[in-house]
Amino acid sequence: MTSDSNKDSLAERMARMLVRPIVGILLRSGLPFSRFAEICRSVYVEVAANEFGLDGRRTNNSRIALLTGLSRTRVKQELDQLASGPEDANTQPIDQVRPASRILMAWHTDPDFLDASGQPLQLPLEKGSPSFKDLYEKYSGKVVPITAMLKELRNVGAVTTTRHGMLRVLVRSYTPQQSDPGATKRVCMAVRDLAETGSWNLYRDEDQRARFERFATNQLVPVSAVKDFTDFLNEEGQAFLERADNWLIEKETSDPTEDVARMGVGVYQIAPFKTPGSGNKK
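What you see is a predicted model, and the numbers here were worked out from it, not measured in a lab. (Residues numbered from 1 in each chain as written. Predicted model: local features only at pLDDT ≥ 70, side-chain atom pairs only at ≥ 80, totals over all residues. Heavy atoms only, no water.)

Here we take up the packing of aromatic side chains. The tally for this structure, following the rule as stated, stands at 3 aromatic pairs. Where tryptophan 107 meets phenylalanine 132, the ring centres are 6.0 Å apart and the plane angle is 50°; that geometry is what we call tilted. On the criterion of sequence distance, the pair formed by tryptophan 107 in helix α5 (residues 97–109) and phenylalanine 132 in helix α6 (residues 132–139) is long-range, its members being 25 residues apart. Measuring from ring centre to ring centre gives 6.5 Å for phenylalanine 215 and tyrosine 268, while their planes differ by 75°; the resulting arrangement is edge-to-face. In this pair, phenylalanine 215 is assigned in the loop between α8 (181–203) and α9 (226–251) and tyrosine 268 in the segment after α9, connecting sequence segments 53 residues apart. The ring of tryptophan 200 is capped by arginine 211, whose NZ or CZ atom sits 4.5 Å from the centre of that ring. (Phe/Tyr/Trp six-rings, centres within 6.5 Å; stacked < 30°, edge-to-face > 60°. Helix = DSSP H or I, 4+ residues; strand = E, 2+ residues; numbered from the N terminus. Lys NZ or Arg CZ within 6 Å of the ring centre and 35° of its normal.)

Below you can see the structure in the form of structure tokens.
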């Protein structure tokens, strides 16, 4: 077997590994293969054009055709379509996951919002102390209005209103509705961010600093420990993310002369694979 065939085989295995979970998301989102193939073709051309130029110059059409295996005519067509400017996910409004999660976690852990037995208090919306407004002011970061935050927490079944008009928390963690397009977009952004970090570390220049990328895994953990590990991550992972979020907030600038960029860190759980939505049915 030649080195080229070995390389192709490795690339194909990599493609299957990367694409498999993505295809599951896309199928559940109703994207047919024909449209996915068109998008892949467009992205191949876009990446080849932007990231494979020589001597700091943009890649020319002939080199894009050579890299992608597409004809120069097709390359030109794709570049013309890209010239209209595809939507960049980084320009989307800040999502609600982190502030919603912080609010629910704090409602279960902050002594200011717990009763004498350590259980979450029922809170009035605004009048009285402590109130949901107090909780929102302390933990939301005010990235979305308080009314929108409360509506979302009600929609996902995390908070309910008692017959006396008090707000009662029902769960400790925030899980967006499966049908929520915003939730799907957030998952895609997380996958993209992880892949971009891995790509940077694989192909960076020697004088460029590696980005943080670590895993903690073990092959000999009993399956029965999944729930305990999930609970552990919900507490410890959330605590770490809150510290990271506070650090980032402290570094925010309102100076219009400063160059700014999106920065952050992601934490996700590794567990035995089950088809999503299958439950325990056999």
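From this point on, the discussion continues.
This part covers the packing of helix α2 (residues 33–51) against helix α4 (residues 72–82). One way to put it is that α2 packs onto α4 with a least axis distance of 9 Å and a crossing angle of 85°. Judged on the interaxial angle alone, α4 and α2 are roughly perpendicular. For the pair formed by α2 and α4, the contact residues are Arg41, Ser42, Val45, Glu46 and Ala49 on the first element and Arg74, Val75, Glu78, Leu79 and Leu82 on the second. Residue composition of the contact of α2 with α4, by class: 5 nonpolar, 1 polar and 4 charged. (Axes fitted to C-alpha atoms, helices over the stretch in contact; angles between N-to-C directions. Parallel < 35°, antiparallel > 145°, perpendicular 65-115°, else oblique. Contact = heavy atoms within 4.5 Å. Nonpolar A, V, L, I, M, F, W, Y, C, P; charged D, E, K, R; others polar.)

The next point concerns a nonpolar patch on the surface. Among the surface-exposed residues, Leu10, Met14, Leu18 and Val19 lie close enough to one another that they form a single nonpolar patch of about 340 Å² accessible area. Its place among the elements puts leucine 10 in helix α1 (residues 3–28). (Patch = residues over 30% accessible without salt bridge, like charges linked within 9 Å, V, L, I, M, F, W, Y side chains within 5 Å. Areas by Shrake-Rupley, 256 points an atom, 1.4 Å probe, with all protein chains shown as cover. Salt bridge = Lys/Arg side-chain N within 4 Å of Asp/Glu carboxyl O.)

Now for the pattern of salt bridges. A complete count under the given rule lists 10 salt bridges for this structure. Between lysine 227 and aspartate 231 there is a salt bridge, with its nearest N and O atoms 3.1 Å apart. Residue lysine 227 and its partner aspartate 231 are both found in helix α9; the two are separated by 4 residues, about one turn of the helix. Classification of lysine 227 as exposed rests on a relative accessible area of 57%. (Buried < 20%, exposed > 50% of the residue type's maximum accessible area, 1.4 Å probe, protein only.)

This part is about the environment of tyrosine 268. You can call tyrosine 268 partly exposed: its relative accessible area is 43%. Sequence-wise, tyrosine 268 and phenylalanine 215 are 53 residues apart; in three dimensions their C-alpha atoms are separated by 9.9 Å. Contacts of tyrosine 268, omitting those with residues within four sequence positions, involve Leu194 and Phe215.

For helix α7 (residues 146–155), the full list of buried residues reads Ile146, Met149, Leu150, Glu152 and Leu153. The arc that holds the buried residues of α7, viewed along the axis, is 160°, so those residues lie on one side. Exposed residues on α7 whose side chains face more than 90 degrees from its buried face are Thr147 and Lys151. Directly beyond the C-terminal end of α7, a positive phi value near 75° is found at glycine 157. (Arc of directions from axis to C-beta.)

Coordinates in, geometry out; function isn't part of it.
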